[in-house]
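# Coordinates in review
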Protein chains: 2
Amino acid sequence: MSTDPELRITFQPSGRTVYALPGTTILEAAARVGIVLLTPCGGGGTCGKCLVRVCSGATGSAAARSHRLTAAQMQEGWRLACCTVIESEAVIEIPAASMFERSQKILTGDAGNTLALDPAVTVATLQMPPPTQQDDRPDLERIGAALGETLELDAVRIAAFPRQLRTADWHVHVVREGRRLIDVQPAGKPASVLGVAFDLGTTTVVGTLLDLVTGRELGVASTMNGQIPFGDDVLTRILRIRENPARLPDLQDAAVHSLDEIVSALCRQTGVASNAIVNATLAGNTTMQQIVCGIDPFALGELPFTPVFARSLDIAAIGIGLAIHPSARLHVFPQVGGFVGGDTVAGMLASGFDRLKKPTLLVDIGTNGEIALLHNNQILCASTAAGPAFEGARIAQGMRATAGAIEKVLVKDGDLHINIIGNVPAAGLCGTALIDTVAEMLRHGLLDTTGRMSMPDELPAALPEALRRRVERQGDDARLVLAPATGKQAAVCLIQRDIRELQLASGAIRAGVETLLQRAGLAAADLDAVLLAGAFGNFIRRSNAQRIGLLPPLPHERIRFIGNASSMGAKMALLSVKERARAETLRKRAVHVDLSADPAFQNAFSMAMLFPEETEEKALGH
Amino acid sequence: MSTDPELRITFQPSGRTVYALPGTTILEAAARVGIVLLTPCGGGGTCGKCLVRVCSGATGSAAARSHRLTAAQMQEGWRLACCTVIESEAVIEIPAASMFERSQKILTGDAGNTLALDPAVTVATLQMPPPTQQDDRPDLERIGAALGETLELDAVRIAAFPRQLRTADWHVHVVREGRRLIDVQPAGKPASVLGVAFDLGTTTVVGTLLDLVTGRELGVASTMNGQIPFGDDVLTRILRIRENPARLPDLQDAAVHSLDEIVSALCRQTGVASNAIVNATLAGNTTMQQIVCGIDPFALGELPFTPVFARSLDIAAIGIGLAIHPSARLHVFPQVGGFVGGDTVAGMLASGFDRLKKPTLLVDIGTNGEIALLHNNQILCASTAAGPAFEGARIAQGMRATAGAIEKVLVKDGDLHINIIGNVPAAGLCGTALIDTVAEMLRHGLLDTTGRMSMPDELPAALPEALRRRVERQGDDARLVLAPATGKQAAVCLIQRDIRELQLASGAIRAGVETLLQRAGLAAADLDAVLLAGAFGNFIRRSNAQRIGLLPPLPHERIRFIGNASSMGAKMALLSVKERARAETLRKRAVHVDLSADPAFQNAFSMAMLFPEETEEKALGH
C-alpha cells in the first residue's frame with residue numbers, strides 16, 4: 001500500500017539489521033531478523049513484557065496503549081515493541097529479559113549457547129615454498145602437497161587464485177569444501193569465509209549471513225519471493241509450469257533473483273563482498289526447492305504428488321545464477337515427500353525433533369501449512385494447502401501486515417476496537433486481525449459455527465447497539481464494518497466470502513493436525529508441546545486461534561512460538577556437516593502422510609470447517 | 001580482407017561441412033574439417049594427387065595449372081583441390097585415393113578403423129513402474145533403484161526430467177556420467193547423446209560433433225579465437241590480464257563465445273539441439289585452457305612459467321557459459337608444464353606416442369610451437385613462442401590464407417612466379433609464401449645466411465634480369481617485389497623486417513627441436529619420423545621449410561603431415577574414458593623442458609637464427 005522507502009533498523013546488542021517500511025511495529029521488525037520478543041498478551045500492549053529501548057530514531061504509537069510505561073521510562077526511550085511503530089531509521093536495544101526464552105534457546109542452538117561449528121567449507125593457513133626453475137610444480141599440486149591431499153578444481157573464475165598465491169608470497173588461507181579448492185586468500189589478514197542460509201518460502205524469503213570461521217551471525221535480510229506474480233500458492237505456480245514448461249526458467253530466475261536481492265542486502269548491510277560467500281544452504285518446501293534447482297515440479301501437480309529427490313543436493317551456485325563466490329555450492333535440504341520439503345526438515349532440525357522424548361507437534365503456518373508429529377520415536381509429516389489467506393491474500397480487503405493494516409481486533413465496552421499499523425487510516429486487514437475478528441464474531445453471536453454471518457435482523461437481542469450497527473446487509477449476505485469510510489478512505493469490511501476463505505485455511509491446518517494425531521493414536525491433550533513456527537505464527541493470539549479452531553484446545557503454556565525454525569535449521573546446516581547428517585537422518589525417519597489420499601483427513605476437514613462451540617474455549621479456563 | 005559471407009561446403013562421402021570464404025582452396029577447406037588430401041608436390045598443382053569432384057556449386061582456378069586434367073575430366077567436375085577455389089556453396093566428393101593415408105589412419109584412430117568407444121557419458125534404457133500412492137518414492141530414487149545404484153544430481157535446469165518420465169510412461173533412456181544423472185529421454189526414439197570435442201588454439205578454434213552412442217562423427221566447424229583482439233599471441237594476452245585482472249572474464253568470455261559459435265554452427269549443420277550435447281572435451285595450450293576455465297594465467301607470465309593444474313579438470317559447462325546441455329561437463333585436457341598444455345597431450349595421444357617404439361618428434365607449428373620428442377620410452381616436451389608470423393601477422397603485408405593471399409612463390413625460367421588464392425589481385429602474402437620466398441631468395445643469392453637482403457647493387461652477377469628488377473632499395477634496406485602495383489592494388493613486397501620476423505619464428509622452433517634432441521642425445525638423422533601437426537603444418541612445402549632451417553635435413557618420407565592432432569586427441573577423449581586415462585599417463589610420463597632457462601636453447605636459437613648453407617639442402621639430394 002505504501003511506496004515509502006524501507007528504513008534501516010539495527011537491533012542491539014546483536015547488531016542485526018533489517019529494512020522495514022515505516023509503520024512496521026518493532027515487534028514485527030525484530031521477528032524478521034529472528035528476534036522473538038515475549039508477548040504473552042499476544043502483542044496486545046497489556047502485559048508490558050516486550051519492553052525495548054529506542055536508542056536513536058523516531059517511533060510512533062500503533063495505538064494509545066503504552067499506559068504500562070512511566071513518563072520517566074518513556075523519556076529514556078523505553079517502549080513496548082508490540083505497539084510502537086518505526087518512523088525513521090532507528091537503533092533499538094533489546095534487553096535479554098524481553099526475549100522469548102524458548103526461541104532464544106532455539107536461536108542459539110539447543111545444545112548450548114552456540115551452534116555446532118564444523119562447516120562443510122574449511123580453511124587451512126599454509127606457508128609454501130614458491131616455485132623455482134627446479135621445482136615448477138603446478139600450483140594445485142603444490143597446495144595439495146602442503147595439505148597432504150589431492151586437491152580438485154571443478155570450479156571456474158577463481159580468478160585471483162594464482163595471483164593471490166604470489167602476491168601473498170605463498171602464505172595463504174586455503175578455502176576448500178572437502179577436496180575441492182574454492183578460494184585462496186592472503187594470510188596477512190583474517191580469512192573472510194562466509195556463508196548464507198536461505199529460507200525460501202512460497203511468499204517470503206529470508207537469508208542470514210554467517211561467518212563460517214567464528215560461527216558469528218553477521219546479518220539477516222528478507223524479501224518477497226519474486227515468484228508471487230506467477231501465483232500466490234505453490235499449486236498455481238506448478239500449474240503454470242505444467243501448462244508451459246518454458247515458464248520453469250522464469251520461475252527459477254524469479255526465485256534466484258530474490259536470493260540475489262538478499263545477498264545484495266546482506267553485503268550492503270555488512271560491507272562484505274559477495275565473493276566472500278563460499279557456501280550456502282537453502283530450506284524450502286518441495287516445490288520451491290525443485291524450482292530453484294531448475295527441476296520441473298510437474299509431478300507435484302498430480303497424484304501421488306511425487307518430488308524428484310529425497311537426499312539433499314549440493315549444486316553449483318553459479319549454475320543457477322546465484323551471485324555468490326563462483327565456486328560456492330548451494331546445499332539444498334533433504335525432502336520427505338509430497339509437499340513436505342526441506343523447510344519441514346529444517347524446522348525439525350531446529351526444534352531438535354530427534355532429541356525430544358514427549359509427543360510434540362510442529363506446525364509451520366505459511367501459505368503451505370506443514371505439520372510434523374513426533375511420538376514414540378516416529379515422525380509423521382504432512383502438508384496442507386492453507387493458501388495465503390493468513391497473509392491477507394484472497395480476503396476482499398486483506399493485506400500484509402504493513403502500514404494501514406488492521407492488525408488486531410477486540411470487542412470491549414460494547415464495541416469493536418481496532419489497531420492499525422502506522423499512523424494512517426485503515427486500508428485493509430491482515431491475517432491476525434482476520435482471526436481476531438472471526439473469534440470475536442463467534443463470541444458475540446455475529447457468526448454461527450457453520451460460518452454463516454448473521455443478517456442485521458438475525459442478531460442476538462442482547463447485542464450492544466454499537467456492535468449491531470456494524471453489521472450491514474450486502475446482497476443476500478451480511479458484512480461487518482471494521483473501520484467506517486472516512487473522507488479519503490473507503491470502509492474496511494469483512495464479508496461472508498472472507499469467512500469461507502478462513503474456514504478453508506484454518507480447517508486445512510486443523511484437519512492435518514487431527515489426522516496425524518489420529519494416525520499416532522493420540523489426542524491433542526496428549527501433546528507435550530505444540531511448536532508454532534513461521535513469521536505469522538509468532539503474531540497469532542492463541543486464544544483467538546483456538547476459538548476459531550485453528551489450534552487445538554490446549555493450555556497456552558504448551559503452545560510455544562519458536563520463530564523461523566526453517567531459517568534456523570538452514571543456519572545450523574550451514575555451520576555444521578553434523579547438522580546436515582542429522583537433517584538427513586530426520587528425513588529418513590519421517591514418514592510422509594499424503595492427506596489428499598486419506599479419508600480420515602476428508603472427515604477431519606469437513607469437521608474442522610465448522611467453528612468450535614464456545615464451550616471448548618471455556619473448558620480451557622482462559 | 002574480404003567481408004563476403006562464408007559459403008557452406010559439404011564434403012562427400014563423409015558429409016562433413018565447413019563454412020569458408022569465397023576464394024578458399026578446396027584443399028584448405030577440406031583440411032579445416034580434418035580431411036587431409038595427398039599433396040606430395042606441396043599443393044603446387046603438379047602431382048595431380050589431390051583429385052576431387054565438384055558435384056555442385058561454382059569453383060574457380062587459383063592459378064592456370066590444371067593442365068593435369070583432361071577436358072572430359074573437367075567436364076565431369078574433377079578438379080585439383082590445391083588449385084581450385086570455392087566461389088559458391090558446393091558439394092565436393094573426395095575419392096579415397098586422394099586422401100592422405102597417414103592422416104586417414106590417425107583420423108580414424110590408430111588401433112583400427114574406429115576410435116575406441118567407451119565414453120564418460122553413458123545411456124541405459126529402463127522401463128520402471130510408475131509412482132502410486134503406495135509407492136511414492138521420489139523420481140531419483142526410483143531411477144536409482146532400477147539402475148541398482150545411488151544417483152546424484154548436482155545439475156540444474158534438467159527441466160524436462162520429471163515430465164519426460166511421465167509422458168514416456170517411465171520407459172526412458174537415462175543419460176548419466178558416472179553416478180550423476182544428466183538427462184532423461186523417451187525410449188520411443190533413439191537416444192540423442194552427443195558430444196563436442198574442442199581444439200582451442202591461440203588463433204583458431206575447431207569443434208567436432210560426435211554421437212556418443214555410435215561414435216559417428218556428425219560435423220566439424222571452426223572459427224577464429226575471439227581473444228585475438230586482446231593480442232595475437234599468448235604472452236600478450238597474459239600480460240593484458242597481469243596488468244588488469246578484470247580483463248580475465250573478458251578473455252574468458254571471448255573464448256567461450258568462440259566455442260558457442262562452433263556449437264551453433266554444428267547444430268545448424270546437423271539439425272540437432274544444443275541440449276543433446278551432454279559432454280565436451282577441450283584441448284588447448286596451458287594459457288588457453290586456464291583462461292577458458294576462468295583461472296588467471298598470471299604465473300604463466302613470469303618465471304618459472306607455472307600452470308595451475310596438471311591433472312585434467314572436469315568443469316560444469318554451464319559454469320563458464322557454454323551453451324550445451326546445462327548438466328554437461330567439459331573435460332579439460334591434462335597439462336605438462338610451462339606452455340606445454342592439453343593440445344600437446346592430445347597430439348601425443350592422437351599420434352600414439354605411448355605405443356611408438358622408435359625416436360619420434362611431434363611438432364605443432366602454431367602461434368605457439370609445441371614440440372614433443374619420444375626416445376627410449378622418455379618423452380621430452382617444450383614450447384617455443386614462434387609468434388604468429390606463419391599466420392601472416394607481424395609481416396608487413398602478411399595475411400591469412402584467404403582470397404588475395406599469395407600462397408606460393410616459385411622461381412622458374414629466370415623470374416619469380418606467384419599463386420594467389422582466389423581470382424583477385426594479390427593483397428598480401430600468407431605463411432607458406434613467406435617460407436617459399438625466403439627459400440628462393442636464399443637459393444638465388446638475394447639473401448645471405450644472416451638474413452640480410454642484398455641491396456640492388458650487391459646482387460649476384462648471374463642473377464636473371466627479371467629477378468634483379470624485383471629487388472628495390474627501401475631506405476637503408478632492400479625489398480623484394482612479389483607482385484607489382486596495379487591500378488587498383490598496391491604492390492606486395494617482402495621487406496627486411498619480415499625476414500627478421502621469420503628468422504625469429506623459424507629459429508625458435510628449430511632451436512626447440514635441437515635442444516630436445518640434444519637432451520635425448522640424438523641427432524636429427526636418428527629420428528624415425530617427424531610428425532607435423534596443426535593446420536599450417538599441412539601446407540608447408542618440406543624442401544622450402546628445410547631450406548630456411550625450420551625443419552631439420554631429413555628425407556621427406558620421414559616428415560609426415562598428421563593433420564590436426566590436437567583436435568583428434570580431443571575426439572578420442574570424448575569417445576573414451578580409456579583414452580582419457582592414456583592422456584593422463586602421457587602427461588605424467590612427459591618431462592617439461594623449460595627452454596627459457598636452458599643455455600643450450602639460447603645457443604641453438606642464435607645458431608638457428610642463421611639460415612643454413614645451401615649444402616645442407618643438397619645433402620638430402622632433393
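Computed from a prediction, not measured in an experiment: that's the story for all the values here.

## As for the pairing of strand β18 (residues 369–375) of chain A
Residue and element names in this part refer to chain A. Most of β18 is tucked away, with 7 of its 7 residues classed as buried. Burial of the side chains of β18 extends over both faces: Gly369, Ile371, Leu373 and His375 are buried on one face and Glu370, Ala372 and Leu374 on the other. Note that strand β17 (residues 360–365) and β18 share 6 bridges and pair antiparallel. Within β18, the position partnered with Leu362 by the bridge is Ala372. The turn joining β17 and β18, which pair antiparallel and follow one another in sequence, is formed by 3 residues. Linkage of β18 to strand β19 (residues 378–384), two consecutive antiparallel strands, is achieved through a turn of 2 residues, within which Asn376 is found at a positive phi near 50 degrees.

## Topic: the interface of chain B and chain A
Counting from both sides, the interface comprises 56 residues of chain B and, opposite them, 56 residues of chain A. Buried area between chain B and chain A, summed over both chains or domains, comes out near 4300 Å², and the portion from carbon and sulfur atoms is 58%. For Arg166(B), the salt bridge goes to Glu302(A), with nearest N and O atoms at 3.6 Å. Elements represented by at least two residues in the side of chain B that touches chain A include exactly α4 (139–147), α5 (161–167), α6 (234–243), α7 (247–270) and β15 (313–316) of chain B. Tallied by class, residues from the side of chain B that touches chain A come to 31 nonpolar, 8 polar and 17 charged.

## Topic: the sheet that holds strand β22 (residues 428–429) of chain B
All names here are of chain B. With mixed pairing, 3 strands are arranged side by side in an open sheet as β21-β20-β22. At either end of the open sheet lies a strand with only one pairing partner, and these are β21 (415–420) and β22. Pairing geometry for strand β20 (residues 405–412) and β21, over 6 bridges, is antiparallel. Bridge pairing in β21 links Lys412 to Asp415.

## As for the sheet that holds strand β23 (residues 471–474) of chain B
The pairing of strands in a sheet comes from backbone hydrogen bonds and takes either a parallel or an antiparallel form. Residues and elements named next belong to chain B. Overall, antiparallel pairing links the 3 strands, which are arranged β23-β24-β25 in an open sheet. Since the sheet does not close on itself, it has two edges, and those belong to β23 and β25 (492–495), each with one partner. Geometrically, the sheet is characterised by an average inter-axis angle of 40 degrees between neighbouring strands, direction not taken into account. Where β23 lies against strand β24 (residues 477–483), 4 bridges are found, and the strand directions are antiparallel.

## A look at the pattern of salt bridges
Any two side chains of opposite charge can pair, given that their charged atoms come close. Residue and element names in this part refer to chain A. For the coordinates displayed, the defined rule picks out 50 salt bridges over all chains. Ionic pairing is found between Glu440 and Arg443, a salt bridge with its closest N-O pair at 3.3 Å. Taken together, the positions of Glu440 and Arg443, both in helix α10 (residues 431–443) and 3 residues apart, correspond to about one turn of that helix. Overall, the relative accessible area of 7% leaves Glu440 in the buried class. Between Glu584 and Arg587 there is a salt bridge, with its nearest N and O atoms 3.0 Å apart. Of this pair, Glu584 and Arg587 both sit in helix α15 (residues 577–589), separated by 3 residues, roughly a single helical turn.

## Brief notes about the nonpolar core
Judged by nonpolar contacts, the single largest core of 70 residues is most densely connected at Ile406(B) and Leu550(B). The contact partners of Leu550(B), leaving out residues within four places of it in the chain, are Ile365(B), Phe390(B), Ile435(B), Ser506(B), Ile509(B), Arg510(B), Ile540(B) and Ala545(B). Core analysis: the second largest hydrophobic core is formed by 68 residues, Ala505(A), Leu554(A), Ile559(A) and Phe561(A) among them.

## What to know about the relation of the copies chain B and chain A
Once turned by 180 degrees and shifted 0.0 Å along the axis, chain B lies on chain A with an RMSD of 0.2 Å. Expressed as an axis order, the relation between the two copies is that of a two-fold axis. Minimal C-alpha separation from the rotation axis in chain B is found for Gly319(B), amounting to 2.9 Å. Interface overlap between copies is the fraction of interface residues in one copy that are interface residues in the other; for chain B against chain A it reaches 100%, indicating a shared surface.

## A few points about the environment of Lys358(B)
Residues and elements named next belong to chain B. Along the chain, Lys358 falls in the loop between α9 (342–350) and β17 (360–365). Judged by its relative accessible area of 52%, Lys358 is exposed. Residues Lys358 and Asn376 lie 18 residues apart in sequence; the distance between their C-alpha atoms is 7.7 Å. The residues contacting Lys358, other than those within four sequence positions of it, are Leu374 and Asp528.

## Regarding the confidence of the model for chain A
Residues and elements named next belong to chain A. Confidence in the prediction for chain A averages 88 pLDDT; 92% of positions are at 70 or higher. Ignoring residues within four places in sequence, the model shows residues 101–113, a span with pLDDT below 50, making 30 contacts including any to other chains. The complex model carries a pTM of 0.76, and its ipTM stands at 0.75.

## Some details on the packing of aromatic side chains
Residues and elements named next belong to chain B. Overall, the coordinates contain 4 aromatic pairs over all chains when judged by the stated rule. For the ring pair Phe305 and Phe339, a centre distance of 5.8 Å and an interplane angle of 45 degrees mean the geometry is tilted. Highlighted residues: Phe305 in the loop between α8 (286–293) and β15 and Phe339 in the loop between β16 (329–332) and α9, separated in sequence by 34 residues. Phe339 matches Phe305 in its accessibility class, with the two residues each being buried. Arranged with centres 5.6 Å apart and planes meeting at 15 degrees, the rings of Phe601 and Phe605 form a pair that is stacked. A residue pair is termed a helical-turn pair when its members lie 3 or 4 positions apart in one helix, as Phe601 and Phe605 do in helix α16 (residues 599–608) at 4 residues. The ring centre of Trp170 lies 5.4 Å from the NZ or CZ of Arg142, which sits over that ring. Directly above the ring of Phe298 sits Arg242, whose terminal nitrogen or CZ lies 4.3 Å from the centroid.

## Topic: the side chain of Asn279(B)
All names here are of chain B. Along the chain, the position of Asn279 falls in strand β14 (residues 277–284). Using a relative accessible area of 0% as the deciding quantity, one classes Asn279 as buried. Of the polar contacts made by the side chain of Asn279, one reaches the backbone oxygen of Arg329; its length is 2.9 Å. Side-chain polar atoms of Asn279 contact the side chain of Arg580, separated by 2.9 Å. Each residue touching Asn279, except ones within four places of it in the same chain, is listed here: Ala120, Val121, Glu177, Leu194, Gly195, Val196, Leu212, Ala328, Arg329, Leu574 and Arg580.

## Quick look at the state of the cysteines
Residue and element names in this part refer to chain B. Applying the stated rule across the entire model yields 0 disulfides over all chains. Cys381 provides the cysteine sulfur closest to Cys293, a residue in no disulfide bond, and the two sulfurs are 20 Å apart. Look at Cys293 and you get buried, because its relative accessible area is 0%.

About the cut-offs
- Residues numbered from 1 in each chain as written.
- Chains lettered and ligands numbered in written order.
- Predicted model: local features only at pLDDT ≥ 70, side-chain atom pairs only at ≥ 80, totals over all residues.
- Heavy atoms only, no water.
- Buried < 20%, exposed > 50% of the residue type's maximum accessible area, 1.4 Å probe, protein only.
- Helix = DSSP H or I, 4+ residues; strand = E, 2+ residues; numbered from the N terminus.
- Pairing = 2+ DSSP bridges.
- Contact = heavy atoms within 4.5 Å.
- Buried area = accessible area lost by both parts, 1.4 Å probe.
- Salt bridge = Lys/Arg side-chain N within 4 Å of Asp/Glu carboxyl O.
- Nonpolar A, V, L, I, M, F, W, Y, C, P; charged D, E, K, R; others polar.
- Axes fitted to C-alpha atoms, helices over the stretch in contact; angles between N-to-C directions.
- Core = buried A, V, L, I, M, F, W, Y, C linked by side-chain atoms within 4.5 Å.
- Least-squares fit on C-alpha atoms with pLDDT ≥ 70 in both.
- pLDDT = per-residue confidence, 0-100.
- Phe/Tyr/Trp six-rings, centres within 6.5 Å; stacked < 30°, edge-to-face > 60°.
- Lys NZ or Arg CZ within 6 Å of the ring centre and 35° of its normal.
- Polar contact = N/O pair within 3.5 Å; in protein donor to acceptor, adjacent residues only side chain to side chain.
- Disulfide = S-S within 2.5 Å.

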